[in-house]
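What follows is the residue order along each chain.
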Amino acid sequence: MKNKVKFIIKSLYICLLIIISSFLYTNFTFSNEDSCSSKQLYEDNYKKEKTELDEEINCIEKRIIDVLIIYDENIILDNVLINNIKNRFKEVNEFYLSNYNIEWQIANYQKFNFDKKTNNLSGLFSLHKDDISKLTNNIKAEVVLALIQRDINGIGIAATFSNVAMVADSLKFSNYLNSVVIAHEFAHLFGAWHTQRKNDFMLFSGANKLSSSNESNTILKLMRNYNFDYKTIINKEVMLNRISRLYKRHHAKGEIDPVARLLTDVGQSLYQNKMYDESINLLIKSNKYYGRWGKTRMILSKNYYELDLLQDSFTEYTRAVFFGSKPDKGYENKLKKKFIDLQKIDPTINNPFNLNN
């Protein structure tokens, strides 16, 4: 009996020590700023499958993102314009610091020759994006913001998960709305998509103030420490699936899954570099996330054409047009000719363009 009492007392003592130790460790952990590394949060968050990032992140380090500003040759970078740009960044940072503890910092200004002839901001962006993206290779900057000051269709554009944003204005960026556009395009770099919330700076039809909703907060809090290099996330299936799930819960009508955008953009680059098999793999993967984007189907068709997989090429071309892609008559005629040439060699081959077959 005496030994049993001693055993119980000893067990209670051990339990008490464990409880006290756990309490002290917990308090130490949450009072130690170094133990709450924002990088670690980024590495850990995408592994969480059972919970969503709908709650406020209470323990994150301030992140400073250096931005290289490039401007068109017809822009005069005078004191008025510089002060306007600084004021725009001040307004953007007030919003990003209060919501995500992110500060955008101007690293440098650089003139850039936007020599491609187009009156459309989207076209100008597409033609120069790859060259602009490389500007960060040898300087202290993570992101490039291109300023276009001319009469052009469009006010802002950014490639999802890229490091390039472009905004346009003919009034020297003197308006608060310019700040909303810049903040909006910066969010796309983290993978944020358009929403239908009127109080959200990612509003599909164009926001007029810097405020956010849960829809945008979820993706920005998940991706706030993304390093703007798609290679670091493109093979992380758990991360991509998580982003896509968040998109499916909160997206505007007609919007395209940001993961599909990423995979298609990279697939297009691989196609342009004649890496057809690698491109096909990514484009098929993109279709699994969002199969109704004509752009993906068109690039996939052209990959199949290069590998002489003509039936697959025809199938994807018709799907591309069905899903809204503009018909490429030059490419279509090349594909038709291929079938005609094959029929000369083997008359049993059907030409799918011939409706009589």
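First, a word on what this report is: a plain description of the structure on this page. (Residues numbered from 1 in each chain as written. Predicted model: local features only at pLDDT ≥ 70, side-chain atom pairs only at ≥ 80, totals over all residues. Heavy atoms only, no water.)

Quick word on the overall build of the chain
Along the chain, the regular secondary structure elements total twelve helices and five strands. Here the chain, with 357 residues, has 45% of them falling under the buried criterion. Taking all contacts inside the chain whose residues are at least 6 apart in sequence as the whole, residues at least 24 apart take part in 65%. Total accessible area computed for the chain in this model is approximately 19700 Å², and 52% of it derives from carbon and sulfur atoms. (Helix = DSSP H or I, 4+ residues; strand = E, 2+ residues; numbered from the N terminus. Buried < 20%, exposed > 50% of the residue type's maximum accessible area, 1.4 Å probe, protein only. Contact = heavy atoms within 4.5 Å. Areas by Shrake-Rupley, 256 points an atom, 1.4 Å probe, with all protein chains shown as cover.)

Quick look at the side chain of Arg297
Of note, Arg297 is situated in helix H10 (residues 294–306). Note on Arg297: relative accessible area 12%, which makes it buried. With residues near it in sequence (within four places) discarded, Arg297 still touches Asn287, Gly291, Glu316, Arg319, Ala320 and Phe323.

Some thoughts on helix H7 (residues 237–249)
Between the first and last C-alpha of H7 there are 18 Å, a value that for 13 residues agrees with the 18 Å anticipated at 1.5 Å per step. Turning to H7, its buried residues are Met239, Leu240, Arg242, Ile243, Ser244, Leu246 and Tyr247. (Expected span 1.5 Å × (residues − 1).)

Some points on the packing of aromatic side chains
One pass over the full model with this rule turns up 21 aromatic pairs. Look at Tyr96 and Trp104: their rings are 5.5 Å apart centre to centre, the planes differ by 85 degrees, and that puts the pair in the edge-to-face class. There is no split in this pair, since Tyr96 and Trp104 are both buried. Taking 6.0 Å as the distance between ring centres and 55 degrees as the angle between the ring planes, the aromatic pair formed by Tyr271 and Tyr276 counts as tilted. Among the residues examined, Tyr271 registers a relative accessible area of 22% and is labelled partly exposed. Ring pairs connect the aromatic residues Phe89, Phe95, Tyr96, Tyr100, Trp104, Phe161, Phe186, Phe190, Phe201, Tyr226 and Phe228, which therefore count as one cluster. Sitting above the plane of the Tyr331 ring, Lys302 keeps its charged end 5.5 Å from the centroid. When the ring centre of Tyr305 is taken as reference, the NZ or CZ atom of Lys338 above it lies at 5.6 Å. (Phe/Tyr/Trp six-rings, centres within 6.5 Å; stacked < 30°, edge-to-face > 60°. Lys NZ or Arg CZ within 6 Å of the ring centre and 35° of its normal.)

Side note on the side chain of Gln149
Mapped onto the elements of the fold, Gln149 is located in the loop between strand E3 (143–148) and strand E4 (156–158). Beyond its immediate sequence surroundings of up to four residues, Gln149 is in contact with Asn74, Ile75, Leu81, Asp169, Ser170 and Lys172.

Digging into the sheet that holds strand E5 (residues 164–168)
With mixed pairing, five strands are arranged side by side in an open sheet as E2-E1-E3-E5-E4. Strands at the two margins of the open sheet, each flanked by one partner only, are strand E2 (102–112) and E4. Strand-to-strand twist in this sheet, taken as the mean axis angle between neighbours without regard to direction, amounts to 20 degrees. Of the strand pairs in this sheet, strand E1 (residues 63–72) and E3 are connected by five bridges, and their pairing is parallel. The partner of Ile69 across the bridge, within E3, is Leu145. Lying over the sheet, helix H4 (residues 121–133) contacts E1, E2, E3, E4 and E5, oriented at roughly 140 degrees with respect to E5. (Pairing = 2+ DSSP bridges. Axes fitted to C-alpha atoms, helices over the stretch in contact; angles between N-to-C directions.)

Describing a negative patch on the surface
A surface patch of negative charge is lined by Glu73, Asp115, Asp130 and Asp131. Asp130 sits in the partly exposed class, given a relative accessible area of 45%. (Patch = residues over 30% accessible without salt bridge, like charges linked within 9 Å, V, L, I, M, F, W, Y side chains within 5 Å. Salt bridge = Lys/Arg side-chain N within 4 Å of Asp/Glu carboxyl O. Lys, Arg positive; Asp, Glu negative; His and termini not counted. Charge placed at Lys NZ, Arg CZ, Asp CG, Glu CD.)

Some thoughts on helix H9 (residues 276–289)
Taking 1.5 Å per residue, 14 residues should reach 20 Å; H9 reaches 20 Å between its end C-alpha atoms and fits that length. Those residues of H9 not exposed but buried are Tyr276, Ser279, Ile280, Leu282, Leu283, Lys285, Ser286, Asn287 and Tyr289. Buried-residue contacts for H9 involve H7, helix H8 (258–272) and H10.

Comments concerning the packing of helix H3 (residues 79–100) against helix H5 (residues 176–189)
Interhelical geometry of H3 versus H5 gives an angle of 55 degrees and a closest axis separation of 9 Å. Taken together, the axes of H3 and H5 lie oblique to each other. Handedness of the H3/H5 crossing: right-handed. Residues Arg88, Phe89, Glu91, Val92 and Tyr96 of H3 form the contact with H5, whose participating residues are Tyr176, Asn178, Ser179, Ile182, Ala183, Phe186 and Ala187. Each residue belonging to the contact of H3 with H5 can be placed in one class, and the counts come to eight nonpolar, two polar and two charged. (Parallel < 35°, antiparallel > 145°, perpendicular 65-115°, else oblique. Left-handed = near helix turned anticlockwise from the far one by under 90°. Nonpolar A, V, L, I, M, F, W, Y, C, P; charged D, E, K, R; others polar.)

Side note on the pairing of E1
Of all ten residues making up E1, nine are buried, and the element is well covered by its neighbours. With ten bridges connecting them, E1 and E2 associate as parallel partners. Residue pairing for E2: Tyr71 is matched across the bridge by Lys111. You can see the chain leave E1, run along H3 and come back into E2, and the turn it takes is right-handed. (Right-handed = clockwise from strand over helix to strand, strands pointing away.)

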